[in-house]
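Reading the structure
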Amino acid sequence: MDSGEKIKAKIKRNLTVTGPQAPSIKELMRWYCLNTNTHGCRRIVVSRGRLRRLIWIIFTLVAVGLILWQCALLVLSFYTVSVSVKVRFQKLDFPAVTICNINPYKYSVVKDLLAGLDQETKNALKNLYGLSNIKSRKRREADVPQSTEGDSHSKFLNILPLMVFESDDTTTEATDLLTGRKRKVSGTIIQKASDVMHVQETKKTVGFQMCEKNGTSNDCATYTFNSGVNAIREWYKLHYMNIMAQVPLEKKINMSYSAEELMVTCFFDGVSCDPRNFHRFHHPMYGNCYTFNGATNETILSTSMGGSEYGLQVVLYVDEEEYNPFLISSTGAKVVIHRQDEYPFIEDIGTEIETAMATSIGMHLTESFKLSEPYSQCTKDGSDVPIKSIYNATYSLQMCLHSCFQRHMSEKCHCAQYSQPAPENVSYCNYQKHPNWMYCYYKLHQAFVREELGCQAICRESCNFKEWSLTTSLAQWPSDISENWMLDVLTWDQGHKENKRLNKTDLAKLLIFYKDLNQRSIIESPANSIEILLSNFGGQLGLWMSCSVVCVLEIIEVFFVDSFSIIARRCWQKTKKRWAQRKIQQGQSSSGNPADLTGCDNPTCVLDDDLPTFNTALQLPQAPGSHVPGTPPPKYNTLHIERAFSNQLQDTEDPEKP
């Protein structure tokens, strides 16, 4: 191939192109706007006038912004749920019912253990309010031992001093109840809430002081109460827990009420039941509690009808004469309705049953099924919660919170709170083994209330749970007309002697039943799916830009693939040019003849890495000695008129001519 053909081939090879292989981003964008199916982009290029072009640019940008906004909302709302409520009428399983006497232990049995504490409590009431004649039941009053003055008189007040604050001097000084002297109060003063409402402000505020004694410091915290009732009860409760924590479990079970003593009569679904249908478990603050239809049953009982006649009917004997006057301020029992595999948290969700009353509790069953992550923060079985349960029961939020608090108690106080089950290899707190447990307990309790322990953030609600909505109603029981004969019959059933006839204030009737057999199920399901999300994306694209998924692929190819290719090619060309110039400069410094380095003998030859266009290619000079094809000049002698047949053939010549 001669040099002319080579130049033609080079020009054809390097002509300016359009489309995805355009040499500049501007040409690429122009080609895209002219060939895309999105109408707004095409109108930007073909519109006449700057105003129209500006308007179409604004419309297109607004449409793109709306698409991005709507698609972002669709993505953010992808993990939403739809809630459906289903109501079914069917035979329902009866829940587990746990019943506890409010009084944990018989006072006649524990009075020897609490004799010193009771005597100091009476002395404190006498010094505070002048109450010198504190009486309870006559039968008990004769048996209450009287402590002598001495070490026992100040034993509990030395451990936990009771102090009296004047109304205008609650932050500086207080009167020590033991010595009667005023002392300066140091440390933190915490005002505790009161369950007794006062119309007028009291002149005296009662509290007690807890101090941490570790040999090097004496950090104290003072707790004050607006009501003296709450102050005395709280002070008594702390010492009570300290004493009972040292009593073996078997002995405490014997000091509490048996099922035969607590249950007088029992009916379920119209059939008689007895204490053998109740399972006992021991609660530290409520003594022996009994669960009906619990997890130990071989078969879970169910009811086929709604109404009070087809539920559980129990008459309870609470024995008010055996109540501790300083620990318990009300009379009755507590009942908890829960699942068979759940732990009954009596102190949290228990319902109190009044004596001399018939308490009817109507139930509605609601079962909830929630979606776990990423739809919500609930947990299925508690395995993903970093708190090890101290209860042998299924996971629940209350169980996690109590377990978390007990773990903090065992780690920081080196003992367990008495009102809850203790973790493995951890003993209950008592002052003899753990001198600072009261201070540590109250400090942790305040941190727990202020959510500083992190338990509320760690513990999560269960995804699947059953909840019984309760409706409680009360009626006088027994009535005045039937009181005499009913109490006589119940006394005979209980096996008491005539001189120990039952009193109606010792009895309470409990009725638990389904109001109807409608089970309501609340079910969460995903509101969106991948198919719905893609469909919504397509609707937004078609509404605002009249494009489809193929258009989106074109946008990705042009704006990302082709644009980056152009930028990379230009960067490579600039790098290549700088590298060539550097080689030329190095060659000139070594030989001084740039032609030897370039290999171009033609002095008019100029190195240029830019691609030639058609116009620049026509201006290239001809190489010396090269033949450039072209149109030859005309032969003007062919325009002369010649005689026809000037050269004749031999056989056509005239023989007569010489």
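Fair warning: this is a prediction, and the values are worked out from it, not measured in the lab.

**A word on the overall build of the protein chain**
Regarding its fold elements, the protein chain presents 20 helices and 21 strands. Within the protein chain, the proportion of its 658 residues that are buried is 39%. For the protein chain, long-range pairs separated by at least 24 residues make up 73% of all intrachain contacts whose partners lie at least 6 apart in sequence. Only carbon and sulfur atoms are counted for the fraction: they give 54% of the accessible area of the protein chain, which is about 39900 Å².

**With respect to the packing of aromatic side chains**
Under the counting rule described, the total for this entry stands at 19 aromatic pairs. Between Tyr-418 and Tyr-428, the aromatic rings sit 5.3 Å apart at their centres with planes inclined by 70°, giving edge-to-face as the arrangement. You can see Tyr-418 sitting in the loop between α13 (397–413) and α14 (437–449) and its partner Tyr-428 sitting in the loop between α13 and α14, a full 10 residues away along the chain. Under the relative-accessibility criterion, Tyr-418 is labelled buried at 2%.

**Examining the nonpolar core**
With 103 residues, the main nonpolar core has Phe-94, Ile-99, Leu-162, Phe-208, Met-210, Leu-238 and Ile-512 as its most contacted residues. Residues from two domains meet in this core; each of domain 2 (82–101 + 258–378 + 463–526) and domain 3 (107–132 + 156–245) gives at least three. Membership of the second largest hydrophobic core comes to 12 residues, among which are Met-486, Leu-487, Leu-502 and Phe-513.

**Observations concerning the UniProt feature "transmembrane region" (unreviewed entry) in the protein chain**
Here the UniProt-annotated "transmembrane region" (unreviewed entry) positions come out as residues 54–79. The span residues 54–79 shows a helical share of 88% and a strand share of 0%, and its end C-alpha atoms are spaced 39 Å apart.

**Here we look at the sheet that holds strand β12 (residues 278–283)**
Taking strand neighbours across the sheet as the criterion, the 5 strands line up as β12-β13-β3-β16-β17 in an open arrangement whose pairing is antiparallel. For this open sheet the edge positions go to β12 and β17 (351–354), each flanked by a neighbour on one side alone. Geometrically, the sheet is characterised by an average inter-axis angle of 30° between neighbouring strands, direction not taken into account. When strand β16 (residues 332–338) meets β17, the two strands line up antiparallel, connected through 4 bridges. Bridging across to β17, Lys-334 finds its partner in Glu-352.

**What to know about a nonpolar patch on the surface**
Together, Ile-25, Val-549, Leu-553, Ile-556, Phe-559, Phe-560, Val-561, Phe-564 and Ile-567 give the surface a local cluster of nonpolar side chains, amounting to about 830 Å² of exposed area. Per-element tally for the nonpolar patch: the top contributor is helix α18 (residues 549–590), with 8 residues. Relative to the assigned elements, Leu-553 resides in helix α18. For Leu-553, a relative accessible area of 51% corresponds to the exposed category.

**Points about the state of the cysteines**
Scanning the entire structure with this criterion turns up 7 disulfides. Here Cys-100 is linked by a disulfide to Cys-289, with a sulfur-sulfur distance of 1.9 Å. Taking the torsion about the sulfur-sulfur bond, which here is approximately 120°, the covalent link between Cys-100 and Cys-289 counts as right-handed. Of this pair, Cys-100 sits in strand β3 (residues 96–101) while Cys-289 sits in strand β13 (residues 287–292), and the two are 189 residues apart along the sequence. With its sulfur 1.7 Å from that of its partner, Cys-413 forms a disulfide with Cys-440. Here the S-S torsion is close to -85°, and the disulfide linking Cys-413 with Cys-440 is therefore left-handed. In this pair, Cys-413 sits in helix α13 while Cys-440 sits in helix α14, placing the two residues 27 residues apart along the sequence. The buried category is assigned to Cys-413, whose relative accessible area is 7%. Residue Cys-440 is classed as buried on the basis of its relative accessible area of 14%. Among the cysteines around Cys-71, which has no disulfide bond, Cys-547 carries the closest sulfur, lying 9.6 Å off.

**Observations regarding the packing of helix α9 (residues 228–244) against α14**
Interhelical geometry of α9 versus α14 gives an angle of 120° and a closest axis separation of 12 Å. Here α9 is positioned oblique relative to α14, judged by the angle of their axes. Regarding α9 and α14, the two cross each other, and that crossing is right-handed. The residues of α14 that touch α9, namely those facing Glu-234, Leu-238, His-239, Met-241 and Asn-242, are Trp-437, Met-438, Tyr-441 and Tyr-442. Class assignment of the residues belonging to the contact of α9 with α14 gives a composition of 6 nonpolar, 2 polar and 1 charged.

**Topic: the environment of Arg-280**
Tracing the backbone shows Arg-280 in strand β12. Along the chain, Arg-280 and Gly-294 lie 14 residues apart, while their C-alpha atoms are 10.0 Å from each other. Once residues lying within four places of it in the same chain are set aside, the contact partners of Arg-280 are Ile-253, Asn-288, Cys-289 and Tyr-290.

**Observations concerning unusual backbone geometry**
Both trends apply: most residues other than glycine have a negative phi, and most peptide bonds are in trans. Across the junction of Glu-373 and Pro-374, the peptide omega takes the value 5°, indicating a cis bond. Mapped onto the elements of the fold, Pro-374 is located in the loop between β18 (357–369) and α13. Along the chain, Trp-477 connects to Pro-478 via a cis peptide bond; the corresponding omega equals -15°. In the Ramachandran plot, Asp-269 falls in the positive-phi region, its phi being about 55° despite a non-glycine side chain. Tracing the backbone through its elements, the reader meets Asp-269 in the loop between β10 (263–268) and β11 (271–272). Positive phi is not limited to glycine here, since Asn-293 has a value of about 60°. With respect to the helices and strands, Asn-293 occurs in the loop between β13 and β14 (302–303). Residue Asn-293 is classed as buried on the basis of its relative accessible area of 0%.

**Here's the deal with the packing of helix α3 (residues 39–46) against helix α4 (residues 50–76)**
Think of two packed helices as two axes; the pair is described by the angle between the axes and how far apart they sit. Closest axis-to-axis distance for the α3/α4 pair is 8 Å, and the angle between their directions is 160°. Taken as axis vectors, α3 and α4 run roughly antiparallel relative to one another. Relative to α4, the crossing made by α3 is left-handed. Only Arg-53, Trp-56, Ile-57 and Thr-60 of α4 make contact with α3, whose side of the interface consists of Gly-40, Cys-41, Arg-43, Ile-44 and Val-45. Among the residues making up the contact of α3 with α4, the classes are represented as 5 nonpolar, 2 polar and 2 charged.

**Considering the side chain of Ser-368**
Following the sequence through the fold, Ser-368 ends up in strand β18. Leaving out residues up to four positions away in the same chain, Ser-368 has contacts with Cys-463, Asn-464, Phe-465 and Ile-522.

**Re the pattern of salt bridges**
Taken as a whole and assessed by the stated rule, the structure comprises 8 salt bridges. Among the salt bridges present, the one from Arg-339 reaches Asp-341, with a minimum N-O distance of 3.1 Å. Residue Glu-373 pairs with Arg-460 through a salt bridge whose shortest N-O separation is 3.2 Å. Here Glu-373, found in the loop between β18 and α13, pairs with Arg-460, found in the loop between α15 (455–458) and β19 (464–476); they are 87 residues apart in sequence, far enough to count as distant. A relative accessible area of 49% means that Glu-373 is categorised as partly exposed.

Thresholds applied
Residues numbered from 1 in each chain as written. Predicted model: local features only at pLDDT ≥ 70, side-chain atom pairs only at ≥ 80, totals over all residues. Heavy atoms only, no water. Helix = DSSP H or I, 4+ residues; strand = E, 2+ residues; numbered from the N terminus. Buried < 20%, exposed > 50% of the residue type's maximum accessible area, 1.4 Å probe, protein only. Contact = heavy atoms within 4.5 Å. Areas by Shrake-Rupley, 256 points an atom, 1.4 Å probe, with all protein chains shown as cover. Phe/Tyr/Trp six-rings, centres within 6.5 Å; stacked < 30°, edge-to-face > 60°. Core = buried A, V, L, I, M, F, W, Y, C linked by side-chain atoms within 4.5 Å. Domains from an automatic or database assignment. UniProt positions renumbered as here; feature names shortened; annotations may be inferred. Pairing = 2+ DSSP bridges. Axes fitted to C-alpha atoms, helices over the stretch in contact; angles between N-to-C directions. Patch = residues over 30% accessible without salt bridge, like charges linked within 9 Å, V, L, I, M, F, W, Y side chains within 5 Å. Salt bridge = Lys/Arg side-chain N within 4 Å of Asp/Glu carboxyl O. Disulfide = S-S within 2.5 Å. Parallel < 35°, antiparallel > 145°, perpendicular 65-115°, else oblique. Left-handed = near helix turned anticlockwise from the far one by under 90°. Nonpolar A, V, L, I, M, F, W, Y, C, P; charged D, E, K, R; others polar.

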